Amino acid sequence: MNRSRPSATRRHFIVGSSVALGGALMGLNLGQVLAAAEAAREMLDSESPLVNIDSELARTLSAVADQIWPQDDTLGASELGVLAFMDQAAGGFMAGAWPTIQAGATDLEQRALAAGSAFHALAFDQQTELLESVQSTPFFGTVHFLVLLGCFAMPRYGGNRNQQGWAQIGFEQRHAWQPPFGHYDGAVGGEGGHGDA
Amino acid sequence: MVMPEGGASFATREPVDFVIIGSGAAGGVLARELSQAGFDVVVLEQGPWRTAVDFGHDELGHFFAGDLTGHPSWSDPQSFRADPSEEATVSGGGIPAALYARTVGGASVHFSGNYWRMRPVDFQERSLLGPMAGTGFSDWPITYEELEPYYTRVEHEVGVSGAVGPFDPPRSKPYPLPPMPVKGSGVLLEQGARALGLHPQPAPVAILSQPYRGRPPCGHCGFCLGFGCEMNAKSSTLVTMIPEAVATGRCEIRPLSTVYRIETGDDGRVSEVAYLDASGAQHAQKAKAVVVAANGAETPRLLLMSESASFPDGLANGSGLVGKYLMGNGHSVIHGYFEHELNDWKSIQVTRIVHDFYENDPARGFYGGGGLDGRPLVNATPILHALTEAGGGPPRWGRDFKRDVRHGFSRHMGILGSTTSVPLERNNISLDPAREDAHGRPLVRMTYRDHDDDLAMMKFLQDRGEEILDAAGATRTWREPVVPQRFHAHLLGTCRMGDDPATSVVDRYHRSHEVPNLFICDGSSLVSSGRGQPTLTIQALAFRAAEHIAGFARQGDI
């Protein structure tokens, strides 16, 4: 069986966690992910505006992002730079999903106008109510996925500004830690040793 | 990618003593043992030759984009169906059904390093418990006692940290390294288990607690599961066996080499191994003997693809069992939050285990056994923590969601139950009849549905896990649903070992029953699944196989 050899194509598989991630798991491409990081770095350096998301869509997505990861005593998603992250995703590794996002955003704005205003101009609780009506859609699942990536991926991808996303959950990126690691370690002296088994 | 210097270089047209297909847990051991025994060896590995400088903490780049698990040069998806009556489907993205790493060192690069020995019962459970109708429930052709010296060799050759537990099987030497420092999930597992009268013990792991053979100890960075180790503290074959194989001057590691066929001569012996390089160009390496160590999915795929006039149903497949009896181990998860910070995202995955439920117990009403461990699981890294906070359910969002994600990252632990898998013929790896990858290779098609007893054991361990978390004082617990699994990182049993050519693919020395110069040694060799954590057993088999294969070669008996 000397099989023919079609030209190589890009791989498109990814691995997620060892548990199901519901609808959140998306196929990403490493080359495009890394290209997005480079583009985001250049954009952040130059403080240039979004290039792949127009201002109208940006207002919608920014408001949706702040519904998903709202401001509390810490920054919300938009202040963490999630739009810059999503801008790179739109032009690269998530380009395939962008029609879904664009269509979903248009639908959301139509629902918002029926409620009296553009989505971003609605009161926070009104926005919440509207999003609850679309929270099972591929649009919302995809945006939810991107917002969380934008909050917690390495800052070089454009989001997680100044590592503040990580700081919000208590994560600190280091190459080495020393025991004791947490509150409970002291119960066995923090050394672990051989236990008393 | 920095390619290590040195090593041999062989011409493809001259037959080498051995071609080894795969450089993972088994292939790495075989490469080192056979080259140190004086044989010329070429190792063909489809992934690139990464080193520690290529590994980092980039969750998006390394993990979500499948840096380690995707094919390095082209699309090579897989298809899955739960039952032979179904049409298999290809996932449009997400976790491949057969999950493994494509990199020199294989899955030993990205695993979390849990190194449990099997026990004597695992090798003879069929005799002890009797037959199970409609299954491939069988004894091994070898015993624990025969494998014990090789378990010890693995622990000392690669570096395993641990301490003997109350239920451990007999061993000829202690662990070479003391256990890793305990972390919050280990402490709480231990406290909860003891309160219930159970017997927790330090987890044996292939990760260094102290400097060992020129490698530094673990730095506790937390990026273990799914990541390569930037410290070289994880005892992968990449940093243990492979460098020692290369140092012999008789072993060439040939990365980015994807095998698509093993050629058979008119004499019924294998003669050369055909592969594609990174550009897709064809090559063929001649060999006096071939060892397939490509993992429990890729090994049967390759054998089935290597059919010929002499072997119309696939190479070495006279039994019809190549690809059959796939076992993945069952897994169940329960999560808990605690009042104070564990910071379980630091350090390795597992520091304490509970093996009280390892053996079969007729009182449970079903067959099976398993182990429990405390660990962060996927909550060790920020993105996965946020995405899985709902326990795999629908997306959560908003103020309460943010509060829970913020609260939970440092206060979370999980308890993972790992179980037996009943070997079933319906669970298998076959060639997808309708789909090919970019180079015309039929896709891996997995057919798998956990046996009802496996699911019952998963649920049983989840119940015990909940009791432990409650006893340890968890403020909130929640369960991942126990449902038939649709992907597997443990790829076991698909070329099972046995004395009878009618009911097994390889003999007790890993030689295929039908082709004298073809050996198969990896997870596919296992006859039973153990209770999770199969890598130590796979490597013990590889050390043992290498010893016998070298002996055969010296005697001219190949």
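Residues numbered from 1 in each chain as written. Chains lettered and ligands numbered in written order. Predicted model: local features only at pLDDT ≥ 70, side-chain atom pairs only at ≥ 80, totals over all residues. Heavy atoms only, no water.

Across its full length, chain B holds twelve helices and 17 strands. Compactness check: chain B gives a C-alpha radius of gyration of 22 Å against a globular reference of 24 Å for 558 residues, within 12% of the reference. In terms of overall dimensions, chain B has C-alpha extents of about 70 × 50 × 50 Å along its principal axes. The buried share of chain B, reckoned over its 558 residues, is 70%. Across chain B, the fraction of contacts at a sequence separation of at least 24, relative to all contacts at a separation of at least 6, is 76%. Total accessible area on chain B is roughly 16,200 Å²; 50% of this is exposed by carbon and sulfur atoms. (Helix = DSSP H or I, 4+ residues; strand = E, 2+ residues; numbered from the N terminus. Rg over C-alpha atoms; globule rule 2.2 N^0.38 Å. Buried < 20%, exposed > 50% of the residue type's maximum accessible area, 1.4 Å probe, protein only. Contact = heavy atoms within 4.5 Å. Areas by Shrake-Rupley, 256 points an atom, 1.4 Å probe, with all protein chains shown as cover.)

All names here are of chain B. Spatially, the six strands line up as an open sheet ordered β5-β11-β12-β13-β10-β16, and their pairing is antiparallel. Looking at the sheet topology across the chains shown, the edges are occupied by β5 (200–202) and β16 (476–479). Across the sheet, the axes of successive neighbouring strands diverge by a mean angle of 25°, strand direction being ignored. Where strand β12 (residues 370–375) and strand β13 (residues 412–419) come together, six bridges link them in antiparallel fashion. Along β13, the bridge assignment pairs Leu-372 with Gly-417. On the sheet, helix α6 (residues 184–195) packs against β5, β11 (352–354), β12 and β13 and is oriented at approximately 30° with respect to β11. (Pairing = 2+ DSSP bridges. Axes fitted to C-alpha atoms, helices over the stretch in contact; angles between N-to-C directions.)

Another aspect to go through is the sheet that holds strand β15 (residues 442–447) of chain B. Residue and element names in this part refer to chain B. Pairing in this open sheet of four strands is mixed, and the strands run β4-β3-β15-β14 from one edge to the other. In this open sheet, the two strands that pair with only one neighbour each are β4 (89–90) and β14 (428–436). Across two bridges, the pairing between strand β3 (residues 78–81) and β4 is antiparallel. If you follow Ser-79 over to β4, its bridge partner there is Val-90.

A few words now on helix α12 (residues 535–554) of chain B. With 20 residues, α12(B) should reach 28 Å at 1.5 Å per residue; the first-to-last C-alpha distance of 28 Å fits that figure. Just downstream of α12(B) lies B:Gly556, where phi reads positive at about 70°. (Expected span 1.5 Å × (residues − 1).)

All names here are of chain B. One way to put it is that helix α5 (residues 144–159) packs onto α12 with a least axis distance of 8 Å and a crossing angle of 105°. What the angle tells us is that α5 and α12 run roughly perpendicular. Residues Glu-146, Leu-147, Tyr-150, Tyr-151, Arg-153, Val-154, Glu-155, Glu-157 and Val-158 of α5 pack against Leu-536, Thr-537, Gln-539, Ala-540, Leu-541, Phe-543, Arg-544 and Glu-547 of α12. Here the residues of the contact of α5 with α12 are counted per class, giving nine nonpolar, two polar and six charged. (Parallel < 35°, antiparallel > 145°, perpendicular 65-115°, else oblique. Nonpolar A, V, L, I, M, F, W, Y, C, P; charged D, E, K, R; others polar.)

All names here are of chain B. Counting across every chain of the model gives 46 salt bridges over all chains. Across the pair Arg-531 and Glu-125 runs a salt bridge, and its minimum N-O distance is 2.9 Å. Of this pair, Arg-531 sits in the loop between β17 (518–520) and α12 while Glu-125 sits in helix α4 (residues 125–129), and the two are 406 residues apart along the sequence. There is no split in this pair, since Arg-531 and Glu-125 are both buried. Residue Arg-171 is joined to Glu-155 by a salt bridge in which the shortest nitrogen-to-oxygen separation is 3.0 Å. (Salt bridge = Lys/Arg side-chain N within 4 Å of Asp/Glu carboxyl O.)

By secondary structure assignment, the location of B:Gln462 is in helix α11 (residues 452–471). When its relative accessible area of 4% is taken as the criterion, B:Gln462 is described as buried.

Residues and elements named next belong to chain B. If you check α6, its first and last C-alpha atoms are 16 Å apart, about what twelve residues at 1.5 Å a residue would give, namely 16 Å. Of all twelve residues making up α6, nine are buried, and the element is well covered by its neighbours. Of the positions making up α6, those classed as buried are Gly-184, Ser-185, Gly-186, Val-187, Leu-188, Leu-189, Glu-190, Gly-192 and Ala-193. Considering only its buried residues, α6 is in contact with β5, β11, β12, β13 and α11. A positive backbone phi angle near 80° is found at Gly-197, which sits one or two residues after α6.

Attention now moves to unusual backbone geometry. Residue A:Pro179 is joined to A:Pro180 through a cis peptide bond whose omega torsion reads 0°. Position of A:Pro180 relative to the elements: it lies in the segment after α7 (164–169). A positive phi angle is found at B:Gln533, which is not glycine, with a value near 65°.

Under the criterion given, the structure shown has 23 aromatic pairs over all chains. With centroids separated by 5.9 Å and ring planes inclined at 85°, the aromatic side chains of A:Phe171 and B:Phe409 adopt a geometry described as edge-to-face. Placement of A:Phe171 in the segment after α7 and of B:Phe409 in the loop between α10 (399–408) and β13 is noted, with the two residues assigned to different chains. Given a relative accessible area of 5%, A:Phe171 falls into the buried group. For B:Phe409, a relative accessible area of 1% puts it in the buried group. For the ring pair B:Tyr509 and B:Phe552, a centre distance of 5.6 Å and an interplane angle of 80° mean the geometry is edge-to-face. With a gap of 43 residues between them, B:Tyr509 in the loop between β16 and β17 and B:Phe552 in helix α12 connect regions that are remote in the sequence. We classify B:Phe552 as buried; its relative accessible area is 14%. Grouping aromatic residues by their ring pairs yields a cluster made of A:Trp166, A:Phe171, A:Trp177, B:Phe223, B:Phe227, B:Trp345 and B:Phe409. (Phe/Tyr/Trp six-rings, centres within 6.5 Å; stacked < 30°, edge-to-face > 60°.)

If you trace the backbone, B:Glu298 turns up in helix α8 (residues 298–305). For B:Glu298, the side chain forms a polar contact with the side chain of B:Tyr100, separated by 2.3 Å. (Polar contact = N/O pair within 3.5 Å; in protein donor to acceptor, adjacent residues only side chain to side chain.)

Residue and element names in this part refer to chain B. With respect to the secondary-structure elements, Lys-286 resides in strand β9 (residues 282–292). On the accessibility criterion, Lys-286 (32% relative accessible area) is partly exposed. Sequence separation of Lys-286 and Gly-320 is 34 residues, and the distance between their C-alpha atoms is 27 Å. Other than its neighbours up to four places away in sequence, Lys-286 contacts Thr-12, Arg-13, Glu-14, Pro-15, Val-16, Val-19, Ser-271 and Glu-272. Of note is the side chain of Lys-286, whose polar atom sits 3.0 Å from the side chain of Glu-272.

Function cannot be inferred from these measures alone, as they are strictly geometric.
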